[in-house]
Amino acid sequence: MNKKQLLRYLKNDLDSIEKRKTIEWIRKNPENHKVFNILKAEYIASTFKDVPNNNNDFFFERFKNAIKKRKLDKYLYAVASVFILFLFLWNANNQPSAINNNTVVQDTPQINNNVASEEINLIAHRGDKKEIYLPDGSKIVLNAESKLIYPKEFNDSIREVTLIGEAFFDIKRNEKKPFIVNTNSIKIKVLGTSFNVKSYEKDKKVETTLVTGKVELIKDKETPIVLAPSQKAVFYKKENKLEIEEVKSLEVVAWKEGKLIFKKTSLQEVVLDLERKYNAKIIINSKHLLNYEYTGTFDNLSIDEVLKLLTISSPIKYHIENEKIILE
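We now turn to the structure provided with this report. (Residues numbered from 1 in each chain as written. Predicted model: local features only at pLDDT ≥ 70, side-chain atom pairs only at ≥ 80, totals over all residues. Heavy atoms only, no water.)

## Considering the overall build of the chain
Okay, step 1: The helix and strand tally for the chain stands at eight helices and 19 strands.
Okay, step 2: Taken across its 328 residues, the chain has 43% of its residues classed as buried.
Okay, step 3: When the accessible surface of the chain is totalled, it reaches about 18400 Å², and 51% of it is carbon and sulfur. (Helix = DSSP H or I, 4+ residues; strand = E, 2+ residues; numbered from the N terminus. Buried < 20%, exposed > 50% of the residue type's maximum accessible area, 1.4 Å probe, protein only. Areas by Shrake-Rupley, 256 points an atom, 1.4 Å probe, with all protein chains shown as cover.)

What follows is the structure, given as structure tokens:
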């Protein structure tokens, strides 16, 4: 298997037959898997902006040298990696769900009995995500550090929920009962479709990405905006401005499979997503780092692997202080 074929696989640029052959080659023996992992690290590292000449050989040599310097055998290294990952995931609240952050679980809703309408408040903590089935059979995947509020039973005319954070919606079609998602800035109205909404309170924008079907975006008394599949609506809170852009919708919802995909994303936004996924506290302690824009994919990597790639591919250094990761 040549390097060009493996790079096409990493870029998701193969047809199904070529992809299957590549996966079979990687799994054939440990040596093939090792070659692939090194190339994968080199590829991800090369996407980081502002590294001298963005030279792949530079990344590859640094990665090889880092490996040569390790004195631990493969077993001790594995134990050390697990221990470091555990420290990163351990936060002040000591949430046990943080360690198994890629597992989607079926949640048993807890009903707030003090609310007359029997609202269900369901929360996915940092480092976690949850799979939910609504009373009408619609499916929702709730991302980390997110909250969904919905009634125990929908009324006869409308299906309405409130989202704080990010979620993927796969809504059962019902023309007589439209489905409404309330966020802190806009409303999303659908009859039956699949789409993604990202509306965290700390974020500067609200994003709605349509995968299939059709959705309407409603803001105050303005004329609703209709999205087509593979379109993303971005509402900038401070500017009170809405923009529409074309995207690869499957990349937007890749977080459901444990992937983080960035396209010219500021390091501040990257850090926020890393904190949510890995249940970690990360502080950018350098104004220079705020100028970075990152393009690349973290495909089910551990936080330890993510940090190693960032330090290999850029001038970033980090240390851990009081259970916080400090970037400098």
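## Topic: unusual backbone geometry
Okay, step 1: We note that Asn240 has phi near 55°; this positive angle belongs to a residue other than glycine.
Okay, step 2: Relative to the elements of secondary structure, Asn240 occurs in the loop between strand 13 (231-236) and strand 14 (241-246).
Okay, step 3: Of note in this structure, Lys264 is not a glycine but carries a positive phi near 50°.
Okay, step 4: The residue Lys264 is located in strand 15 (residues 259-266) in this model.
Okay, step 5: Residue classification places Lys264 among the exposed positions, given a relative accessible area of 65%.

## Quick look at a nonpolar patch on the surface
Okay, step 1: A surface patch of nonpolar side chains, amounting to about 200 Å² of accessible area, comprises Ile225, Leu242 and Ile244.
Okay, step 2: Among the structural elements, Leu242 can be located in strand 14.
Okay, step 3: Judged by its relative accessible area of 31%, Leu242 is partly exposed. (Patch = residues over 30% accessible without salt bridge, like charges linked within 9 Å, V, L, I, M, F, W, Y side chains within 5 Å. Salt bridge = Lys/Arg side-chain N within 4 Å of Asp/Glu carboxyl O.)

## A look at the nonpolar core
Okay, step 1: Membership of the largest hydrophobic core comes to 29 residues, with the highest contact counts inside it found for Leu134, Leu148, Val161, Phe169, Phe179, Ile188 and Phe195.
Okay, step 2: It is strand 6 (residues 159-170) that contributes the most residues to this core, four residues altogether.
Okay, step 3: Every residue in contact with Phe169, bar those within four places of it in the chain, is listed here: Lys139, Ile140, Leu148, Val161, Leu163, Phe179, Val181, Thr193, Ser194, Phe195 and Val197. (Core = buried A, V, L, I, M, F, W, Y, C linked by side-chain atoms within 4.5 Å. Contact = heavy atoms within 4.5 Å.)

## Thoughts on the sheet that holds strand 18 (residues 318-321)
Okay, step 1: The strand order across the open sheet built from three strands is 16-19-18, with neighbouring strands paired in mixed fashion. Two strands lie at the open edges of the sheet, namely strand 16 (282-284) and strand 18, each paired on one side alone. In this sheet, adjacent strand axes meet at a mean angle of 25° when their direction is disregarded.
Okay, step 2: Bridge count for strand 16 against strand 19 (residues 324-327) is three bridges, and the pairing is parallel. Pairing of Ile283 across the sheet is with Ile326, part of strand 19.
Okay, step 3: Helix 7 (residues 267-278) contacts strand 16 and strand 19 of the sheet and is inclined by roughly 170° relative to strand 16. (Pairing = 2+ DSSP bridges. Axes fitted to C-alpha atoms, helices over the stretch in contact; angles between N-to-C directions.)

## Looking at the packing of aromatic side chains
By convention here, two paired aromatic rings are described through the distance between centres and the angle between planes.
Okay, step 1: All told, the structure shown has four aromatic pairs when counted by the stated rule.
Okay, step 2: Summarising the aromatic geometry, the rings of Phe154 and Phe179 are spaced 6.4 Å apart at their centres and angled 75° between planes, so their arrangement reads as edge-to-face. Separated by 25 residues along the polypeptide, Phe154 in the loop between strand 5 (146-151) and strand 6 and Phe179 in strand 7 (residues 179-182) bring together distant segments of the chain. Accessibility assignment for this pair places Phe154 and Phe179 in one class, buried.
Okay, step 3: Between Phe262 and Phe298 the ring centres are 6.1 Å apart and the planes differ by 70°, which places this aromatic pair in the edge-to-face class. With Phe262 in strand 15 and Phe298 in strand 17 (residues 293-299), this pair connects stretches of sequence that are 36 residues apart.
Okay, step 4: Here Phe262 falls in the buried class, since its relative accessible area comes to 3%.
Okay, step 5: Members of the aromatic cluster, each reached through a chain of ring pairs, are Phe154, Phe169, Phe179 and Phe195.
Okay, step 6: Here Lys241 stacks its cationic end above the ring of Tyr236, 5.5 Å away from the centre of that ring.
Okay, step 7: Lying across the ring of Phe168, Lys256 places its NZ or CZ 4.0 Å from the centre. (Phe/Tyr/Trp six-rings, centres within 6.5 Å; stacked < 30°, edge-to-face > 60°. Lys NZ or Arg CZ within 6 Å of the ring centre and 35° of its normal.)

## Things to note about the pattern of salt bridges
Okay, step 1: Following the criterion strictly, the structure yields 20 salt bridges and no others.
Okay, step 2: In this structure, the salt-bridge partner of Glu131 is Lys139, at a minimum N-O distance of 3.6 Å.
Okay, step 3: Each of Arg126, Glu145, Lys198, Asp203, Asp273, Glu275 and Arg276 takes part in a single network of salt bridges with overlapping partners.

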